[in-house]
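# Topology and contacts: notes
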Amino acid sequence: MALGELINEETGLVTSLKVLPATAEGANYEVGLRAEGNLRGVKYVTNWTYSQLERPDGTIQGHGDGVCKTECGQTLYLKGAGCAKAVTEDGVVRYKVINHWHTKSEKFADLNGSAMVGEYNVNPDGTTIAKMWVLE
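Residues numbered from 1 in each chain as written. Predicted model: local features only at pLDDT ≥ 70, side-chain atom pairs only at ≥ 80, totals over all residues. Heavy atoms only, no water.

Bringing the state of the cysteines into the picture now. Under the defined criterion, the tally for this structure stands at zero disulfides. Cys72 provides the cysteine sulfur closest to Cys68, a residue in no disulfide bond, and the two sulfurs are 9.4 Å apart. (Disulfide = S-S within 2.5 Å.)

Spelled out as structure tokens, the structure:
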């Protein structure tokens, strides 16, 4: 497998953080995120809700769902998961992620059944930066 097309780039902001009961695995959170970006030249806004687990060894794991609305009126649904080794010295969480997009949109139908992998960084101020590539 290889990385293919750079499918999207986006910036965002964590909009909510809810502390959930801790488990033997670690601290649990529910995170809300709003991101704006460009998908093959089309601007979009995506809203996410995801669960985040911070383990005692410092590793972080997350998974969640997103709804992407494009400026041309298309809707895409996302399932995503990622992990990070730990919060870096500069306070950034550097996730390695995989997303699956699905849609009824003819314009983006080729994304159905595909996997996108990438980088998703969360800065200490709650801003985010992400880049995703199609996995071939």
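Before going further, it helps to spend a moment on the nonpolar core. One finds Leu39, Tyr95, Trp101, Leu111 and Tyr120 to be the most contacted residues of the largest nonpolar core, which totals 26 residues. Elements represented by at least two residues in this core include exactly strand E2 (26-39), strand E3 (42-54), strand E4 (60-70), strand E5 (75-84), strand E6 (93-102), strand E7 (115-122) and strand E8 (127-135). Ignoring anything within four residues of it in the chain, the contact list for Tyr95 reads Tyr50, Gln52, Ile60, Gly62, Gly82, Cys83, Ala84, Gly118, Glu119, Tyr120, Asn121 and Val122. (Core = buried A, V, L, I, M, F, W, Y, C linked by side-chain atoms within 4.5 Å. Buried < 20%, exposed > 50% of the residue type's maximum accessible area, 1.4 Å probe, protein only. Helix = DSSP H or I, 4+ residues; strand = E, 2+ residues; numbered from the N terminus. Contact = heavy atoms within 4.5 Å.)

Another point: the sheet that holds E5. Strand order in this closed barrel of eight strands is E1-E2-E3-E4-E5-E6-E7-E8, and the pairing throughout is antiparallel. Neighbour-to-neighbour, the strand axes of this sheet turn through a mean angle of 25 degrees, independent of strand direction. Here E7 pairs with E8 via seven bridges, running antiparallel. Each residue of the ladder has a partner; that of Asn121, found in E8, is Ile129. (Pairing = 2+ DSSP bridges. Axes fitted to C-alpha atoms, helices over the stretch in contact; angles between N-to-C directions.)

Turning to the side chain of Gln52, a few remarks are in order. Mapped onto the secondary structure, Gln52 falls in strand E3. Judged by relative accessible area, which is 12%, Gln52 ranks as buried. Side chain to side chain, Gln52 and Glu54 meet in a polar contact 2.9 Å long. (Polar contact = N/O pair within 3.5 Å; in protein donor to acceptor, adjacent residues only side chain to side chain.)

This paragraph deals with the pairing of E4. Taken residue by residue, a regular strand's side chains alternate between the two faces of the sheet. Burial along E4 is one-sided: Ile60, Gly62, Gly64, Gly66, Cys68 and Thr70 are buried, and none of Gln61, His63, Asp65, Val67 and Lys69, which face the opposite way, are. By the bridge criterion, eleven bridges tie E3 to E4 in an arrangement that is antiparallel. In the sheet register, Thr49 faces E4, and the bridge partner there is Asp65. Connecting the antiparallel pair E3 and E4 is a turn made up of five residues, with Gly58 showing a positive phi of about 100 degrees. The antiparallel hairpin formed by E4 and E5 contains four residues in its connecting segment, where Gly73 sits at a positive phi of about 85 degrees.

Pairs can form between side chains of opposite charge once their charged atoms are near each other. Per the counting criterion, the structure on display carries seven salt bridges. Put simply, Glu25 and Arg55 hold a salt bridge, and the shortest N to O gap is 3.7 Å. Placement of Glu25 in the loop between strand E1 (3-23) and E2 and of Arg55 in the loop between E3 and E4 is noted, with a sequence separation of 30 residues between them. Note on Glu25: relative accessible area 46%, which makes it partly exposed. (Salt bridge = Lys/Arg side-chain N within 4 Å of Asp/Glu carboxyl O.)

This part takes up the pairing of E2. Pairing of E1 with E2 involves 13 bridges; the strand directions are antiparallel. Bridge pairing links Leu13 to Arg34 in E2. Once E1 ends, the chain turns through two residues before running back antiparallel as E2. The sheet contact formed by E2 and E3 spans 13 bridges and is antiparallel. Bridging from a neighbouring strand, Tyr29 pairs with Gln52 of E3.

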